[in-house]
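# Reading the structure
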Amino acid sequence: MPCRFSRLPLAALLLASALTACSSTKPEDQYVERPAEQIYQEADAAMREERFKVAAKLYDEVERQHPYSEWAGKAQIMAAYAHYQDLKYDDAILALDRYIQLHPGSPDVSYAYYMRALSYYEQITDVRRDQRMTRLALDALSEVVRRFPDSQYARDAKIKIDLTNDHLAGKEMEVGRFYLKQGQYTAAIGRFRMVIENYQTTSHVPEALHRLVECYLALGITDEAKTAAAVLGHNFPGSEWYTDSYALLVDANVRPERNEKSWISRAWSSLF
């Protein structure tokens, strides 16, 4: 038996369909096809006016309406940049990951990797909090340097890598000091050792060596305390930390002296 709606006049069917669409679809959600360049220019205008959410949506619309046009790739990376400017880092990272996957040979892919690294880097929190984002930033920055060593982005990435490593070392120092205050010397040594072995170029090394002197003296392990002080004095002779370490050794009736078998000597052998 035929459906009773099939007997409706065509004009009535079209009218009913239009009324249903009008009642369920918001004006801003309706699809209106326009030239890619026109939408892109509107997006650029929104960017200049710092209406980043609007700009991101318009750039996405370029790709949605014209996925195979020359404007699509440009719009993808600009949408990511709009999210980045709007501090929507997760959205920026997702967009950049997609761009990198779709356009691995693009001249702009180095910029995409760099912006992705920045999106992690700018989310780094203080040393008292979890450092997951710091490690992600370090990995992303290192990837920029590895993939594009001669680019302008690599030069800036190297500077940020140093700052990121300093931040990670600062986290180890923060935890190490806590253990030291609690009298948990072995746990504290583990944290300070991490700084000595993995973050030798950071600003935290002199203090880490001094804290090792404190910990080893508290445990009665004078050979390691003397070695830590010797390494500190050799590499940072004018440091206040060496002055403090030397005073501690004098109070213990010993002097800085390097023990070749110490892990500290092995870690710093290339500097002696």
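For every chain, the first residue of the written sequence is number 1, and numbering continues from 1 onward in sequence order. Per-residue local features are limited, in this predicted model, to residues with pLDDT of at least 70; the limit for side-chain atom pairs, both in listing and counting, is 80 or more; totals at the level of whole chains, interfaces and linings are taken over all residues. Calculation of side-chain values draws on the structure's entire complement of heavy atoms; hydrogens and water are dropped beforehand.

By the naming in an unreviewed UniProt entry, the protein is Outer membrane protein assembly factor BamD, taken from Azospirillum aestuarii. UniProt, in the comment section headed Function (unreviewed entry), describes the protein in these words: "Part of the outer membrane protein assembly complex, which is involved in assembly and insertion of beta-barrel proteins into the outer membrane." UniProt positions are given in the numbering used here, feature names are shortened, and annotations may be inferred rather than shown by experiment. A UniProt comment under Subcellular location (unreviewed entry) is attached to the protein, and it reads "Cell outer membrane".

### Remarks on the pattern of salt bridges
Whenever Lys or Arg places a side-chain nitrogen within 4 Å of a carboxyl oxygen from Asp or Glu, that contact is recorded as a salt bridge. A full pass over the atoms with the stated rule returns 19 salt bridges. Of the charged contacts in the structure, one is a salt bridge between D86 and K53, with a shortest N-O distance of 3.2 Å. With D86 in the loop between α4 (70-85) and α5 (89-102) and K53 in helix α3 (residues 52-65), the pair connects residues that are 33 residues apart, well separated along the chain. Residue R211 is joined to E214 by a salt bridge in which the shortest nitrogen-to-oxygen separation is 3.0 Å. In this pair, R211 and E214 are both assigned in helix α10 (residues 205-219), 3 residues apart and thus about one turn of the helix distant. Judged by relative accessible area, which is 16%, R211 ranks as buried. The buried label goes to any residue with under 20% of its type's maximum accessible area, the exposed label to any with over 50%, and the partly exposed label to all in between, with areas taken from a 1.4 Å probe on protein chains only. Of the residues examined, E214 reaches a relative accessible area of 24% and is grouped as partly exposed. Here a helix means four or more residues in a row that DSSP labels H or I, a strand means two or more in a row labelled E, and each is numbered from the N terminus.

### Observations regarding the packing of helix α2 (residues 36-48) against α4
At a closest axis distance of 11 Å, the pairing of α2 and α4 adopts a crossing angle of 20°. When the axes of α2 and α4 are compared, the pair comes out roughly parallel. For the element pair α2 and α4, the recorded crossing hand is left-handed. For the pair α2 and α4, contact is made by A36, E37, Y40 and M47 and by W71, K74, A75, M78, Y81, A82 and Q85, respectively. In the contact of α2 with α4, the residues fall into 8 nonpolar, 1 polar and 2 charged. As a rule, the C-alpha atoms of each element are fitted with a line to give its axis, helices using only the stretch in contact, and angles between N-to-C directions run from 0 to 180 degrees. Angular relationships are summarised with four words: roughly parallel below 35 degrees, roughly antiparallel beyond 145, roughly perpendicular across 65 to 115, and oblique for the angles in between. It is the rotation of the near helix from the far one that decides the hand of a crossing: anticlockwise by less than a right angle makes it left-handed, clockwise makes it right-handed. For this analysis, residues touch if any pair of their heavy atoms sits within 4.5 Å. Under this grouping Gly is polar, as are all residues other than the nonpolar Ala, Val, Leu, Ile, Met, Phe, Trp, Tyr, Cys and Pro and the charged Asp, Glu, Lys and Arg.

### Digging into the side chain of H83
With respect to the secondary-structure elements, H83 resides in helix α4. Look past the residues within four positions of H83 in its chain and what remains in contact with it is A56, K88, D91 and A92.

### Section: unusual backbone geometry
You will see that E50, though not glycine, has its phi angle at about 60°, which is positive. Mapped onto the elements, E50 comes out in the loop between α2 and α3. Despite not being glycine, N253 has its phi angle at roughly 60°, a positive value.

### Description of the environment of V231
Tracing the backbone through its elements, the reader meets V231 in helix α11 (residues 222-235). Along the sequence, V231 and I264 sit 33 residues apart, while their C-alpha atoms lie 7.8 Å from each other.

### Some details on the packing of aromatic side chains
Under the pairing criterion, centres of Phe, Tyr and Trp rings, with the six-membered ring standing for Trp, must be within 6.5 Å; the plane angle then separates stacked pairs below 30 degrees from edge-to-face pairs above 60, leaving the rest tilted. Using the criterion set out here, one finds 9 aromatic pairs in the structure. Residues Y40 and Y59 carry aromatic rings whose centres are separated by 5.3 Å and whose planes lie at 65° to one another, so their mutual orientation is edge-to-face. One end of the pair, Y40, is in helix α2; the other, Y59, is in helix α3, with 19 residues separating them in the sequence. Each member of the pair Y40 and Y59 is classed as buried. Centroid distance Y40 to W71: 5.0 Å. Interplanar angle 50°. Geometry classified as tilted. Placement of Y40 in helix α2 and of W71 in helix α4 is noted, with a sequence separation of 31 residues between them. Through successive ring pairs, a cluster of aromatic residues spans Y40, Y59 and W71. Two conditions define a charge sitting above a ring: the NZ of Lys or the CZ of Arg must be within 6 Å of the ring centre, and it must be within 35 degrees of the ring normal. Over the aromatic face of W71 sits the side chain of K74, whose NZ or CZ is 4.9 Å from the ring centroid. A cation over a ring is seen here: K160 above Y121, with NZ or CZ 5.5 Å from the ring centre.

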